[in-house]
Structure formats: structure tokens, C-alpha cells
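Residue strings, one per chain:
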Amino acid sequence: MSSEFIEALSEIEREKGISKDILLEAIEAALISSYKRNFNTAQNVRVDINRFTGVIKVYARKTVVEDVLDPRLEISVEASREINPHYQLEDIAEIEVTPRDFGRIAAQTAKQVVTQRIREAERGLIYNAFIDKEEDIVNGIVQRQDVRNLFIDLGKVEAVLPLTELMPTDKFKHGDRVKSFITKVENTTKGPQIFLSRTHPGLLKRLFELEVPEIYDGVVEIRSVAREAGFRSKIAVHSRNPEVDPVGSCVGQKGMRVQTIVTELKGEKIDIVRWSESVEEYVANALSPSKVIEVIVHEQEKMARVIVPDYQLSLAIGIKGQNARLAAKLTGWKIDIKSETQAEQEFGRPKSQVGTMHQDSISID
């Protein structure tokens, strides 16, 4: 070791942000293990690295006693006072036992320790950077694929995008750029592990937050998202400012804002509905694009019975029940949909003469 080594540690401290003192303490601890392993000793030892010159010394630490029973761990009072006349019984005397060729071992050990600590520090920086991005969108490049995952290069780290988290319309190959949602960041022994998704409802929510300034500014808020990735989604929005139309803000002029999101999601259909404190109105909006005549709320069962025109029944339910299923997810209410004719037959309700309920929503294909 030398003063150049100490200067190199100072440079690492400046560039990597790793304390020089912490590195030196770690090297000293590693050198103790190296000394015991290479020199087959059971002695208690201390390794000291001079913080200015880099000179390394090894000291055997022995307890001062009257009668020495184990010379590896004990030293007599007389012998200790030859080293330092101030030693007393039960003191710990330190005797230099630095081996001649210890410098070579020290240099190798120090290199290993510094390399390991730099790697740990870099992993820590990466973890700290991405833990703040959890539940956010990132762009990456497809690196490779195995039977279960796509591996996405995010710059300083490789993230995992499980194939189960891809939309049915997603087809990626090596080198393709991918926009994904960070679902989880873990700090493992192998470094930060970052998990991505393209199907998570959070991806849709963040896309709207990035695309719609009113949402980013907090004037319009997203109250709920329901998504069947790659096929259809519903998003409920509310405006804190009565003069700002939340649905119109999300759609944008000539539909430009929402169309950008639809394109990113490979043509996924998006229904934007107005959130309402009124369950009846909210459920009616959520069933867009179907028209609703009446909503009857059953609070105890948290179920809403919805009556729609006969010709709107299949639209309200949707292909394979998708529209009704998404509306139920969006509102958190069970939804039972009946046509006017079914309602008349089952409940004896006459067909409505007053037209459909007012609904505030828009569907984008």
C-alpha cells in the first residue's frame, strides 16, 4: 500500500460517493480474515492502515496476565512492559506481527473489497433511483426473451417484463422500444430487481396524467380505472373546478389527447365517464356507450339494477359481458342489467315513457 492508494480511495469517494473511511474500515476487516487464513493463526489481531501514507501494520492483541496459560492470547506483565512500561494487569497489549510478504496479500484483498463496495454502492444508487419511480412509466429497449419474461434495458439496469403482463396485441422483438409501468422494485442480493407491466391499470392512469395537463395540475382527477388490457378500458374522471369539463379535458381537441393514448395501447378502446357522488348517475355513466332508462340501487347488497331500452340490452352487456363487467369494476357495485321488457315481465314495471337518464361519457375506439 502507498499514499497513491489513499489518493485513489479519495478519488473514488469524490466520483462514487463512497466514504474513504468506510472503505478503509472494510479493507482492515477483510485483511484480518486474510491474515488468519494465510498465516494459520488463532490470535486476536488488529490491522491498521495509516490514513495518510497507506502503510499497513498487523498487531497481535494479548491480555496482560501474571501467569501465561495460552501464549497466543496472553502475555506476562514483564514482557508487556518491555513493549510499553505503562501496561497493567488485564490491559490489552498490542504487538506488531506484520508478515514480510503481507503487502501482496493486502493489495489483492483491498482490490476485491473496493470492487465489491463500488458494486454495492452502484446497486444502492440504482435501487434508490427506481424505488422513487415505482408506479410510474419508463421507456426501455427489449434485450432478450426467455420462456417466461422479456428483459428490458432501462439504461443502468435490466428490468423484467413477464410475458403474462403483455397485452394480447403486443408483439416485441430485440431492439424494440417499450413503454411499461413499474409494478415493483426489490433490493436483492444480486442487485435491484425491477418488475414491469403493460396490462396494469396504472399504465392507463399514468398515460392520462402525462397527456392531460388538467390531470397533471390536479384540476381534474382520476377517480377509478377498470381495464381489460388490449381490448377495452373505462376511466372515471372528476373536476374540482365546475368550469372545467373533465371528460372533454381527457378527450382533447378533436380527440387528440385520448387518441395518443389509444395508439400507445395498440388500439385499446377507452370509455371516459364522469364520476358522480350519485350512485345512479355514476352507474349509468359507467355503462357507456349504452343508454340507461333507470338505475335502482340496493344499498345493503351494494347492487344496482339497471333498466335499458330493449334495443340497447346487448350493447349494455357487451361482448361476452365485457361492458357490464368493466362498469362493475369501475364503480365497485354489482350491476344487474334488464331490458324494459324483462323488467315489465319480472317486476311488473311499465315501460318508461320519459326517455333515458342523462349520461355524461364518451367512448373512443
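Everything numeric here is computed off the predicted structure, so don't read it as measured data.

> Before we move on, could you go through the pattern of salt bridges and cite the residues and values that matter?
If you walk through the whole model with that rule in mind, you get 26 salt bridges. Note that Arg72 is salt-bridged to Asp70, the shortest N-O span being 3.4 Å. What makes Arg72 partly exposed here is its relative accessible area of 45%. In this structure, the salt-bridge partner of Arg198 is Asp170, at a minimum N-O distance of 3.0 Å. Of this pair, Arg198 sits in the loop between strand 9 (191–197) and helix 5 (201–211) while Asp170 sits in the loop between strand 7 (158–162) and strand 8 (177–188), and the two are 28 residues apart along the sequence. Residue Arg198 is classed as buried on the basis of its relative accessible area of 2%. In this structure, a network of salt bridges that share partners links the residues Arg46, Asp48, Arg61 and Glu94.

> Account for the environment of Glu209, with residues named and values stated.
Turning to its location among the elements, Glu209 is positioned in helix 5. Sequence-wise, Glu209 and Val114 are 95 residues apart; in three dimensions their C-alpha atoms are separated by 43 Å. Contacts of Glu209, omitting those with residues within four sequence positions, involve Ile215, Tyr216 and Ile222. Within polar-contact distance, the side chain of Glu209 engages the side chain of Arg206 at 2.6 Å.

> Give me the layout of surface pockets: which residues, what numbers.
Counted as a void, the largest pocket has a volume near 220 Å³. Around the largest pocket, the lining residues are Phe231, Arg232, Lys269, Pro289, Ser314, Leu315, Gly318, Ile319, Gln322 and Asn323. At the level of secondary structure, the elements contributing two or more residues to the lining of the largest pocket comprise helix 10 (313–317) and helix 11 (322–331).

> Quick one: what's the story with the pairing of strand 8, residue by residue and with numbers?
Direction of pairing for strand 5 (residues 137–145) relative to strand 8: antiparallel, over a ladder of five bridges. Counted as the bridge partner of Asn139 is Lys179 from strand 8. Examined bridge by bridge, strand 8 and strand 9 share seven bridges and lie antiparallel to one another. Bridging from a neighbouring strand, Thr188 pairs with Gly191 of strand 9. Between strand 8 and strand 9, which pair antiparallel in sequence order, lie two residues.

> Give a description of the packing of helix 9 (residues 279–286) against helix 11 that names residues and reports values.
Pairs of packed helices are described in terms of their axes, by the angle between the two and the distance that separates them. Closest axis-to-axis distance for the helix 9/helix 11 pair is 9 Å, and the angle between their directions is 140°. The pairing of helix 9 with helix 11 is recorded here as oblique in orientation. Judged by the twist between their axes, the crossing of helix 9 over helix 11 is right-handed. Contacts between helix 9 and helix 11 involve Tyr282, Val283 and Ala286 from the first element and Ala327, Leu330 and Thr331 from the second. Within the contact of helix 9 with helix 11, the residues separate by chemical class into five nonpolar, one polar and no charged.

> Explain the nonpolar core to me, and be specific about the residues and the numbers.
Val283, Leu287, Val306 and Ile337 are the most contacted members of the largest nonpolar core, which totals 24 residues. Those elements that provide at least two residues to this core are helix 9, strand 14 (303–308), helix 10, helix 11 and strand 15 (334–339). A total of five residues in this core trace back to one element, the largest contributor, which is helix 9. The residues touching Ile337, leaving out its near neighbours within four places in the chain, are Leu287, Val306, Val308, Leu313, Ala316, Ile317, Ala324 and Gln342.

What counts, and at which threshold
- Residues numbered from 1 in each chain as written.
- Predicted model: local features only at pLDDT ≥ 70, side-chain atom pairs only at ≥ 80, totals over all residues.
- Heavy atoms only, no water.
- Salt bridge = Lys/Arg side-chain N within 4 Å of Asp/Glu carboxyl O.
- Buried < 20%, exposed > 50% of the residue type's maximum accessible area, 1.4 Å probe, protein only.
- Helix = DSSP H or I, 4+ residues; strand = E, 2+ residues; numbered from the N terminus.
- Contact = heavy atoms within 4.5 Å.
- Polar contact = N/O pair within 3.5 Å; in protein donor to acceptor, adjacent residues only side chain to side chain.
- 1 Å grid on protein atoms, 1.4 Å probe; cavity = no way out; pocket = protein on both sides within 12 Å on 5 of 7 lines; lining within 4 Å.
- Points joined across faces, edges and corners; volume = space filled by probe spheres on them.
- Pairing = 2+ DSSP bridges.
- Axes fitted to C-alpha atoms, helices over the stretch in contact; angles between N-to-C directions.
- Parallel < 35°, antiparallel > 145°, perpendicular 65-115°, else oblique.
- Left-handed = near helix turned anticlockwise from the far one by under 90°.
- Nonpolar A, V, L, I, M, F, W, Y, C, P; charged D, E, K, R; others polar.
- Core = buried A, V, L, I, M, F, W, Y, C linked by side-chain atoms within 4.5 Å.

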